[in-house]
Amino acid sequence: MFEEFYTIAQSINNEYIAKVKEQGALCIGYTCSYFPEEILHALGIIPYRIKGLNVSSLSIADAAFGPFICSHPKCLLQHFALGDYSFLDGIIVTPGCDSMRRIDECIRKTAVNLDLPVVPPFFFHYAVPHKITEYSVKWLVEELHRFIDSVSAHFGLSFSYDKLKESIAFYNRLRKRLEELNALRIHYPARIAGADAVAVYVAGLSMPRDRFYGMMESLLSEYTGTALEDRKRLMLIGSANDDIDFIKTVEGETAVVVADTLCYGPRLEVDYVDEEDEPLHALALRYLNHSHCPRMYGGYKQRLAKVVEAIRIAQVEGVVLQNIRFCDLHGAENGLIERDLEKLGIPCLRLEREYGPLADNERMRMRIDAFLERLEVRRLVCERP
Amino acid sequence: MIVAGCDIGSLTTKVVLFDGKKIIASSIIKSKPKPEDGAYEALQQACAIATVNQDNIVYCVGTGYGRKRVPFANNTISEISCHTKGAFYLYPNVRTIIDIGGQDCKVISLNTQGEVDRFVTNDKCAAGTGRFLEVMAKVLKIELQELSNMAKKGNEAITLASACTVWAQADVIKYLNEGISKENIALGVCKSMAKRVGVLVNQASIKRDVCITGGVAKNTAVVKELENLLGVTIVKITNVDPQLTGALGAALFAYQKAGG
Ligand code: SF4
């Protein structure tokens, strides 16, 4: 049932993209969940959330980035340098975090240093403010205009507000489907493994969205679910993760990830775009308010409140807070969340890890096992007369 | 009823045999390239000491990094839970355990029932683990066991500038070349080790009583430096080799699981 989603999620290119590209479609990659896909969709361009999977060496990326930086953007750069993203017609870089922002100059510098054709024809630095104010919303609307003008001029496309409205409505429908999938996780007992759900989300970011919508509809109508009884119910928080094997490591055979706040996922709640509002203003508002990422300043209390609410709704027994080494945003925020959740009596496990295949699975497994054993004891204590 | 706990660590493999009342035998050997071989050898040694047949062992729990590779284990439990179980059995007043093994260091805080409350482990590298001391002993051309006594004879500790084992090794070589005494270098090494472990201990809120387990617990110079640094008395487990705490905890779990 999920094989197709796994195949798409766990590879960089896929047949669905190849097929539409053969028919002349354009495909543009982006690096951050704060970029509104709706704009590309309205222009008939396939949005692609760039992944860093399956890198076996960071030889090129290490030289460009240096050693003291998160391994996620490094893996992305390594893929670019190896030509794995040559199917992309463009790339949009967003200053989500400083490490991710640096991919902008690192790709261009790698192209010059190694004389490689790694910079896609269209290259855009899409800036997103770090605060939500009336002024920053206005500013983001202007940035959206700048992006639309640039991409339309580059590819000779004409942009239409009616098309954008249709795309916004389409994405809202897609979010609804994702919400339905999420409900299977929240269900008690969970009716879908966290790894399967994440495979669906990641696949959805790597293929033509209309095709994905069809696949989601069939999945939701055919999938009867499985009852994952007796599993410890975990929530996963922290750095970006597109690696399904990592979710499998966390779940093992005795746990299930029933909620997460991870970038590449639908985040906790699926925020809809207001279809009544002026489209660019509505998009700016939705994406800035989509503040589960600590890149947004001053939003800690709201983020914590959403986590606490999700713990309640999904009946989470323990929270795993992970951050990729040198990811300061999540590293620092995880410390605060751990402090505040433990105060509320919610057991937490903090993990610092390397991204992707470079991860030290065995050491991680030991800590997760110990955490699950702690949760088991808690269950027994709750049952004690 | 005889049960066993087998702890396969990165440097040593330990087995404890337990009869419900006391430890009847134990063994500590160097871990083998194939963890299964080490587990068998350690078990054989312990069985020989206790003069029991392996077939008489009713239940075995495997723990440590190689826990999934203990061929005769009926169950596996993480070393965090096993160390906690073992330390609480040996010293029921313990509320914080500092466990320093060959390649990792953990700080566990436990409640009055002896259950794990929270734990932190070293994430970064070999600094603050037994491996650090092993590398330094090698550079000083002494046995690991000699390091502690040598440090106690030092009176002016050298400073190791870097937290990195590799850079610290280079520092030690530099001090040796400058003619600094091995005693003062050994003292500096133990102080530096304590400093690294201290950082981790401070991440977990320390509750009294504090005890230390794992191989490095035998290095009294490091323990003394750690006490000075943290301002607490660290309880030394003397009735059992502190390196056996994890295997003992595994044996205690085995006894419970076997219905004892
Ligand atoms: S971590 Fe935050 S800022 Fe960075 S890519 Fe993910 S959502 Fe964007």
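Residues numbered from 1 in each chain as written. Chains lettered and ligands numbered in written order. Predicted model: local features only at pLDDT ≥ 70, side-chain atom pairs only at ≥ 80, totals over all residues. Heavy atoms only, no water.

1. Overview of the sheet that holds strand E3 (residues 90-93) of chain A
Residues and elements named next belong to chain A.
Right, on to step 1. Within the open sheet, the 4 strands sit side by side as E2-E1-E3-E4. Their pairing is parallel. Edge strands, defined here as strands with exactly one partner in the open sheet, are strand E2 (46-49) and strand E4 (122-125). Between one strand and the next, the sheet's axes are offset by a mean angle of 20°, whatever the strand orientation.
Right, on to step 2. Two elements, strand E1 (residues 27-30) and E2, share 4 bridges in a ladder whose sense is parallel. Directly across from Gly29, in E2, lies its bridge partner Tyr48.
Right, on to step 3. Running over the sheet, helix H7 (residues 103-114) touches E3 and E4 and is turned about 150° from E4. (Pairing = 2+ DSSP bridges. Helix = DSSP H or I, 4+ residues; strand = E, 2+ residues; numbered from the N terminus. Axes fitted to C-alpha atoms, helices over the stretch in contact; angles between N-to-C directions. Contact = heavy atoms within 4.5 Å.)

2. Describing the interface of chain A and chain B
Right, on to step 1. Tallying the contact residues gives 18 residues for chain A and 21 residues for chain B.
Right, on to step 2. Of the roughly 1600 Å² buried at the junction of chain A and chain B (both faces included), carbon and sulfur atoms supply 45%.
Right, on to step 3. Summed over the three residues of chain A that lose the most area to chain B, namely A:Arg363, A:Met366 and A:Arg374, the buried surface amounts to 35% of that side.
Right, on to step 4. Where chain A touches chain B, the interface holds 3 salt bridges. (Buried area = accessible area lost by both parts, 1.4 Å probe. Salt bridge = Lys/Arg side-chain N within 4 Å of Asp/Glu carboxyl O.)

3. Some details on the nonpolar core
The nonpolar side chains of soluble globular proteins are, as a tendency, buried together.
Right, on to step 1. The biggest cluster of nonpolar side chains holds 113 residues, and the ones touching the most others in it are A:Ile39, A:Ile92, A:Tyr126, A:Phe147, A:Leu181 and A:Leu283.
Right, on to step 2. A:Tyr126 has contacts with A:Tyr34, A:Phe35, A:Pro36, A:Ile92, A:Val93, A:Thr94, A:Pro95, A:Leu140, A:Glu143, A:Leu144 and A:Phe147, leaving out every residue within four places of it along the chain.
Right, on to step 3. Membership of the second largest hydrophobic core comes to 43 residues, among which are B:Leu160, B:Val189, B:Val197 and B:Leu230. (Core = buried A, V, L, I, M, F, W, Y, C linked by side-chain atoms within 4.5 Å. Buried < 20%, exposed > 50% of the residue type's maximum accessible area, 1.4 Å probe, protein only.)

4. Looking at the sheet that holds strand E6 (residues 255-260) of chain A
Residues and elements named next belong to chain A.
Right, on to step 1. Spatially, the 4 strands line up as an open sheet ordered E6-E5-E7-E8, and their pairing is parallel. The open sheet has two free edges, formed respectively by E6 and strand E8 (348-353), since each of these has just one partner strand. Here the average twist between neighbouring strands, direction ignored, is 30°.
Right, on to step 2. Bridge count for strand E5 (residues 232-238) against strand E7 (residues 318-324) is 5 bridges, and the pairing is parallel. Bridged to Leu234 within E7 is Gly318.
Right, on to step 3. Contacts from helix H12 (residues 244-251) reach E5, E6, E7 and E8 within the one sheet, and its direction differs from that of E6 by about 125°.

5. Things to note about the packing of helix H9 (residues 161-186) of chain A against helix H13 (residues 279-289) of chain A
Residue and element names in this part refer to chain A.
Right, on to step 1. It is at 10 Å that the axes of H9 and H13 come closest, and there the two elements cross at 35°. Residues Tyr161, Leu164, Lys165, Ile168 and Arg175 of H9 form the contact with H13, whose participating residues are Pro279, Leu280, Leu283, Arg286 and Tyr287.
Right, on to step 2. Partitioning the contact of H9 with H13 into residue classes produces 7 nonpolar, no polar and 3 charged. (Nonpolar A, V, L, I, M, F, W, Y, C, P; charged D, E, K, R; others polar.)

6. So, helix H2 (residues 79-90) of chain B
Residues and elements named next belong to chain B.
Right, on to step 1. Here H2 contains 12 residues, and its C-alpha end-to-end distance of 16 Å stays within 8% of the 16 Å for a straight helix at 1.5 Å per residue.
Right, on to step 2. Burial analysis of H2 places 9 of its 12 residues in the buried class, the great majority of the element.
Right, on to step 3. Three or more residues of H2 are buried, namely Glu79, Ile80, Ser81, Cys82, His83, Thr84, Gly86, Ala87 and Leu90. (Expected span 1.5 Å × (residues − 1).)

7. Structural notes on helix H14 (residues 300-313) of chain A
Residues and elements named next belong to chain A.
Right, on to step 1. Here H14 spans 20 Å end to end across 14 residues, near enough to the 20 Å set by a 1.5 Å rise per residue.
Right, on to step 2. Of all the positions in H14, only Tyr300, Arg303, Leu304, Val307, Ala310 and Ile311 are classed as buried. Down the axis, H14 shows its buried residues gathered within 125° of arc, on one side only. Summarising the geometry of H14, the exposed residues directed more than 90 degrees from the buried face are Lys301 and Arg312.
Right, on to step 3. Of the surrounding elements, those touching the buried residues of H14 are E5, E7 and helix H15 (328-343).
Right, on to step 4. Residue Gln315 follows H14 closely and has a positive phi angle near 50°. (Arc of directions from axis to C-beta.)

8. Points about the pairing of E1(A)
All names here are of chain A.
Right, on to step 1. What you see with E1 is no split at all: Cys27 and Gly29 on one side and Ile28 and Tyr30 on the other are buried throughout.
Right, on to step 2. Note that the unit made of E1, helix H3 (residues 37-42) and E2 has a crossover that is right-handed.
Right, on to step 3. Bridge analysis of E1 against E3 gives 3 bridges, and the strand direction is parallel. Along E3, the bridge assignment pairs Tyr30 with Ile92. (Right-handed = clockwise from strand over helix to strand, strands pointing away.)

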